[in-house]
Amino acid sequence: MSTNNGKFKVGWDLLSLGIVAGTMLLSWKIEPSLPPVIATHFDIHGNANGFSSREFGVWFWPIFSLGVWGVLRFAMRAAPSSWRARMANAPIAAASCLMVAFLCGLHFVILNSALHGGAGLGRELSLLLGVMWIALAVLLPRMRRNPLFGVRTAWTLSSDENWARTHRVASYTFFAGGLLCLAAGLTAATAAVTVALIAAIASALIPAVYSWSIARQT
């Protein structure tokens, strides 16, 4: 069993690094086609309201995603042994790959906007967020108690039972939130990203409040 788990982790890690490497390669090829200044920050409606140099826009997110992957995969090595033992069979490698894929997807959404004159990206952000939230809904119930990934409140981090019950609820709320994000993106309405953000935030807050209610009952 441990050998199989190790193979799965290596597979997810190779996929993560492959996504980053592919993102860097494609970004390098796209870079000459981009304007000198590109939009890198967007308001709640998906409209550009912050700009950076082409070089920063091309390389920030791939490098940042690699850093996020490194933190999620290796920070637990510095944690107490009790945390490391608890996380031995948790899908941290898969979760790390999901985060890398989301950040690199966000990067390409931004570059695509730059290639089209800084067009708004509310629809694309909503769809990307929806896909990620649904993937999280699948992963969260399988995640063991840890300080890096999941619904981390004072109550979930202090109790395995609270953590497990909260993340079962989170799987439903994140799935529903993801569907709402996808629906908002498919409508292509100007308020798509606003609706998607509200759905995502609500789906994360509900299990957090639920963890508090469980703690009050015990």
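Residues numbered from 1 in each chain as written. Predicted model: local features only at pLDDT ≥ 70, side-chain atom pairs only at ≥ 80, totals over all residues. Heavy atoms only, no water.

Engineer: Describe the side chain of asparagine 162, naming the residues involved and giving the relevant values.
Structural biologist: Assignment of secondary structure puts asparagine 162 in helix α6 (residues 160-187). Beyond its immediate chain neighbours, meaning those up to four positions away, asparagine 162 contacts Trp155, Thr156, Ser211, Ile214 and Ala215. (Helix = DSSP H or I, 4+ residues; strand = E, 2+ residues; numbered from the N terminus. Contact = heavy atoms within 4.5 Å.)

Engineer: Requested: an account of a nonpolar patch on the surface, with residues and values cited.
Structural biologist: Taken together, the side chains of Ile44, Leu197, Ile201 and Leu205 define a hydrophobic patch exposed on the protein surface, amounting to about 350 Å² of accessible area. Along the chain, isoleucine 44 turns up in the loop between β1 (37-42) and β2 (48-53). The exposure class of isoleucine 44 is partly exposed, given its relative accessible area of 43%. (Patch = residues over 30% accessible without salt bridge, like charges linked within 9 Å, V, L, I, M, F, W, Y side chains within 5 Å. Areas by Shrake-Rupley, 256 points an atom, 1.4 Å probe, with all protein chains shown as cover. Salt bridge = Lys/Arg side-chain N within 4 Å of Asp/Glu carboxyl O. Buried < 20%, exposed > 50% of the residue type's maximum accessible area, 1.4 Å probe, protein only.)

Engineer: Pulling in residues and values, what's your account of helix α2 (residues 54-74)?
Structural biologist: Taking 1.5 Å per residue, 21 residues should reach 30 Å; α2 reaches 31 Å between its end C-alpha atoms and fits that length. The sharpest bend along α2 reaches about 30 degrees and sits at phenylalanine 60, with the proline proline 62 one to four residues further on. For α2, every residue scored as buried is listed here: Gly57, Val58, Trp61, Pro62, Ser65, Val68, Trp69, Leu72 and Arg73. (Expected span 1.5 Å × (residues − 1). Bend = angle between axes of the 7 residues up to and from the residue.)

Engineer: Describe the pattern of salt bridges, and please don't skip the residues or the numbers.
Structural biologist: Opposite charge on two side chains lets them pair, provided their charged atoms get close. All chains considered together, the criterion is met by three salt bridges. Of the charged contacts in the structure, one is a salt bridge between aspartate 13 and arginine 73, with a shortest N-O distance of 2.7 Å. Remark: arginine 73 occurs in helix α2 and aspartate 13 occurs in helix α1 (residues 2-30); sequence separation between them is 60 residues. Each member of the pair, aspartate 13 as well as arginine 73, carries the same accessibility label: buried. When the shortest N-O distance is used, the salt bridge between arginine 165 and glutamate 161 registers 3.6 Å. Within this pair, arginine 165 and its partner glutamate 161 are both found in helix α6, separated by four residues, close to a single helical turn.

These figures come from the coordinates and say nothing about function on their own.
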